[in-house]
Amino acid sequence: MSLEFDNIFEAVVEEGSEASDLQTRSDLMIVVRDIINAKKWSQTEAAEQMGLTQPRVSDLVNGRIEKFSIDKLMNCLYRIGYRFKPTYSNGQLSMDVQTVKAA
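Read on for a plain summary of the structure. Predicted, not measured: the structure shown is a model, and the values here were computed from it.

### Here we look at helix H3 (residues 54–61)
Move 1: Buried within H3 we find Val-57, Ser-58, Asp-59 and Leu-60.
Move 2: Where H3 terminates, the next one or two residues include Gly-63, which has phi positive at roughly 75 degrees.

### As for unusual backbone geometry
One can expect most non-glycine residues to show negative phi and most peptide bonds to be in trans.
Move 1: Positive phi, close to 55 degrees, is recorded for Lys-40, a residue that is not glycine.
Move 2: Owing to a relative accessible area of 70%, Lys-40 belongs among the exposed residues under this scheme.
Move 3: Positive phi, normally seen in glycine, also occurs at Asn-90, with a value near 50 degrees.
Move 4: Note on placement: Asn-90 falls in the loop between strand S1 (82–89) and strand S2 (92–99).
Move 5: For Asn-90, a relative accessible area of 78% translates into the label exposed.

### Focus on the nonpolar core
Move 1: The biggest cluster of nonpolar side chains holds 18 residues, and the ones touching the most others in it are Met-50 and Val-57.
Move 2: Listing elements by their share of this core, those giving two or more residues are helix H1 (16–38), helix H2 (43–50), H3 and helix H4 (70–79).
Move 3: Per-element tally for this core: the top contributor is H1, with 6 residues.
Move 4: Sequence-distant contacts of Val-57, that is, excluding residues within four places in its chain, are made with Ile-36, Gln-43, Ala-46, Ala-47, Met-50 and Leu-52.

### Some details on H2
Move 1: Residues of H2 that are buried: Ala-46, Ala-47 and Met-50. All buried residues of H2 project into a common sector of 100 degrees when viewed along the axis, lining one side. Facing away from the buried side of H2 by over 90 degrees, the exposed positions are Thr-44 and Glu-48.
Move 2: Immediately downstream of H2, the backbone of Gly-51 shows phi near 70 degrees, a positive value.

### Describing the pairing of S2
Move 1: Buried residues are scarce in S2, accounting for 0 of its 8 residues.
Move 2: Judged from the 8 bridges that link them, S1 and S2 form a sheet pairing that is antiparallel. The residue bridging Lys-85 from the neighbouring strand is Asp-96, located in S2.
Move 3: Taken together, S1 and the strand that follows it, S2, pair antiparallel across an intervening segment of 2 residues, in which Asn-90 is found at a positive phi of about 50 degrees.

### Considering the environment of Val-31
Move 1: Locating Val-31 in the fold gives a position in helix H1.
Move 2: A C-alpha to C-alpha distance of 8.7 Å links Val-31 and Leu-77, two positions 46 residues apart in sequence.

### Some remarks on the packing of aromatic side chains
Move 1: The tally for this structure, following the rule as stated, stands at 0 aromatic pairs.
Move 2: Directly above the ring of Phe-68 sits Arg-56, whose terminal nitrogen or CZ lies 4.2 Å from the centroid.

Criteria and cut-off values
- Residues numbered from 1 in each chain as written.
- Predicted model: local features only at pLDDT ≥ 70, side-chain atom pairs only at ≥ 80, totals over all residues.
- Heavy atoms only, no water.
- Buried < 20%, exposed > 50% of the residue type's maximum accessible area, 1.4 Å probe, protein only.
- Helix = DSSP H or I, 4+ residues; strand = E, 2+ residues; numbered from the N terminus.
- Core = buried A, V, L, I, M, F, W, Y, C linked by side-chain atoms within 4.5 Å.
- Contact = heavy atoms within 4.5 Å.
- Arc of directions from axis to C-beta.
- Pairing = 2+ DSSP bridges.
- Phe/Tyr/Trp six-rings, centres within 6.5 Å; stacked < 30°, edge-to-face > 60°.
- Lys NZ or Arg CZ within 6 Å of the ring centre and 35° of its normal.

Geometric descriptors of this kind do not, in isolation, establish any biological role.
Next up, the structure:
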């Protein structure tokens, strides 16, 4: 017998929507961490850019998923210059990433 999952979080939660939420948060955390690394920011610099404390940045880069909502992660991304722009046309949902001038 083998188990197969499209989303690893499906193995640990019963609801598909909860697994999707966890996967989205995980994906966003990885992207924010990768941006921090690419910009060579210290955790203190990243905290300043995102409006967080340094311990919160530590939680983020160390994958403490339970400490972040999708909303919070989207706000972090916006503060460092990115936003997602979803569009729906002809039965297709797509998502573009736009750069924004950080506030």
